[in-house]
Amino acid sequence: QEERRRQSQKLEAIGRLAAGIVHDINNLIAVYESGLRLLQKQLRDDPANPNTAMLIEELLKRTQNGGALTQQLLAFSRGQSLYPETVDLNARIESLTMLLERTLGSGITIRRDLDPALGPVLVDANQLDVAILNLAVNAKDAMAGKGTFSIETSNTPEDIEDVRSGAVSFVRVTVHDTGCGMSKEILAQAFEPFFTTKEEGTGLGLSQVYGFIKQSGGHIRIESAVGEGTSVHLFLPRHQE
Ligand code: ADP
């Protein structure tokens, strides 16, 4: 309990810090990017400089990586302004199909098991999309191009202690992959901001999802086994009349 409280205080502090600096970095990156595009345009008619063109291409790629990172930081620190609405979760998941296919690539099979009895939930639908896509990116990384990604909804989530104790009732969304899984040590740190085991990771994906779900009044659980795969369970508050 104490651990959880510390975790969310830490998230909050880092969120505030990030909000301040990310705007500036984002602006800088935009300046670099537009300068590079201008150079690229000027060089297009000058084939005498193939190396410069390649360098520019490379730099542009870097600015785009930087841009993606600042976007993620922004979304992460923006935590406080959610716009919850009544959402038909199954329909929302259906509408993500194309994006999920593109995110995961053709070697990965997508399965859906959507509970037809699923009631509406109260959540920021756009942020929920972002969360699911974040989980899909992690799933893709874990599966190295091959495997099964499944997304399941349940109107009657199994009892989990602190889910049961509150007055709010929940539905469950589970995102599962058949990837590498996580060791106990990795799982224990997976929600930590900036914790990553990937060379090009930001370590912000899961902490962002965690922050969003907590702020939505929900719960998140991860089950993972090395060599078998990972399930991320999201418990979202039901829309109550
Ligand atoms: P990032 O993906 O940038 O590393 P995350 O916060 O999303 O940041 O994830 C933190 C770490 O948790 C990852 O580096 C990885 O080790 C582990 N992880 C997250 N999702 C999965 C998954 N689906 N399967 C295996 N490991 C995962």
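Structural data are supplied above this passage.
Remember, predicted model here, so these are calculated numbers, not experimental data. (Residues numbered from 1 in each chain as written. Predicted model: local features only at pLDDT ≥ 70, side-chain atom pairs only at ≥ 80, totals over all residues.)

A.B. asks: Explain the overall build of the protein residue by residue, including any values.
C.D. replies: Counting its secondary structure elements, the protein contains eight helices and seven strands. Taken over 241 residues, the protein has a buried fraction of 27%. The contacts of the protein with a sequence gap of at least 6 include a subset with a gap of at least 24, amounting to 75%. (Helix = DSSP H or I, 4+ residues; strand = E, 2+ residues; numbered from the N terminus. Buried ≥ 20, exposed ≤ 12 C-beta atoms within 10 Å, placed from the backbone. Contact = placed C-beta atoms within 7 Å.)

A.B. asks: A description of helix α8 (residues 205–215) should follow, citing residues and the corresponding values.
C.D. replies: Across the eleven residues that make up α8, a large majority, nine, are buried. Those residues of α8 lying buried are G205, L206, S207, Q208, V209, Y210, G211, F212 and I213. Immediately downstream of α8, the backbone of G217 shows phi near 80 degrees, a positive value.

A.B. asks: Before we move on, could you go through the site of the ligand and cite the residues and values that matter?
C.D. replies: Surveying the vicinity of the ligand reveals 22 residues, the closest of which are N138, A142, T196, G201 and G205. Looking at the shell around the ligand, the elements that each hand over two or more residues are α5 (125–143) and α8. Grouping the constituent residues of the shell around the ligand by class yields nine nonpolar, eleven polar and two charged. (Near = placed C-beta within 6 Å. Nonpolar A, V, L, I, M, F, W, Y, C, P; charged D, E, K, R; others polar.)

A.B. asks: Got a sec to walk through the pairing of strand β4 (residues 147–154)? Specific residues and values, please.
C.D. replies: In terms of strand pairing, strand β2 (residues 108–113) meets β4 through six bridges, oriented parallel. Looking across to β4, one finds that R111 is bridged to S150. The sheet contact formed by β4 and strand β5 (residues 170–177) spans six bridges and is antiparallel. Directly across from E152, in β5, lies its bridge partner T174. (Pairing = 2+ DSSP bridges.)

A.B. asks: Go over the sheet that holds strand β6 (residues 219–225), please, and point to the residues and values.
C.D. replies: Overall, mixed pairing links the five strands, which are arranged β2-β4-β5-β7-β6 in an open sheet. Single-partner strands in this sheet number two, and they are β2 and β6. Geometrically, the sheet is characterised by an average inter-axis angle of 10 degrees between neighbouring strands, direction not taken into account. (Axes fitted to C-alpha atoms, helices over the stretch in contact; angles between N-to-C directions.)

A.B. asks: Kindly report on the nonpolar core, identifying the contributing residues and their values.
C.D. replies: With 32 residues, the main nonpolar core has L135, V175, V209 and L236 as its most contacted residues. Considering every element that reaches this core, the biggest residue donor is α5, with seven residues. Ignoring any residue separated from it by four or fewer positions in sequence, one finds V175 in contact with I132, L135, A139, I151 and V232. (Core = buried A, V, L, I, M, F, W, Y, C linked by C-beta atoms within 7 Å.)

A.B. asks: If you had to explain the environment of L36 to someone new, which residues and values would you point to?
C.D. replies: In this structure, L36 sits in helix α1 (residues 2–43). For L36, the residues in contact, after removing those within four places along its chain, are I56, L59, L60 and T63.

A.B. asks: Tell me about the packing of α5 against α8, and please be specific about residues and values.
C.D. replies: Their axes nearest at 9 Å, the elements α5 and α8 cross at an angle of 150 degrees. Taken as axis vectors, α5 and α8 run roughly antiparallel relative to one another. Every pair of crossing elements has a handedness; the one defined by α5 and α8 is left-handed. Contacts between α5 and α8 involve Q127, A131, N134, L135, V137 and N138 from the first element and G205, Q208, V209 and F212 from the second. (Parallel < 35°, antiparallel > 145°, perpendicular 65-115°, else oblique. Left-handed = near helix turned anticlockwise from the far one by under 90°.)

A.B. asks: How would you explain unusual backbone geometry if you had to name every residue and give the values?
C.D. replies: Phi is positive for A144, close to 50 degrees, though the residue is something other than glycine. Summarising the element assignment, A144 is placed in the loop between α5 and β4. On the basis of neighbour count, A144 is assigned to the exposed category, with 11 C-beta atoms found within 10 Å. The residue F194 is not glycine, and still its phi comes out positive at about 70 degrees. Note on placement: F194 falls in the loop between α7 (184–189) and α8.

A.B. asks: Talk me through the pairing of strand β7 (residues 229–237); I want residue IDs and the actual numbers.
C.D. replies: Within β7, seven of the nine residues are buried, which leaves the element mostly enclosed by the surrounding structure. Sheet topology note: the β5/β7 ladder contains eight bridges and is antiparallel. Opposite H176, over in β7, you have S231 as the bridge partner. As defined by bridge partners, β6 adjoins β7 across seven bridges and the pair is classed as antiparallel. Directly across from I220, in β7, lies its bridge partner L234.

Everything listed here is a matter of coordinates, which is why it stays silent on function.
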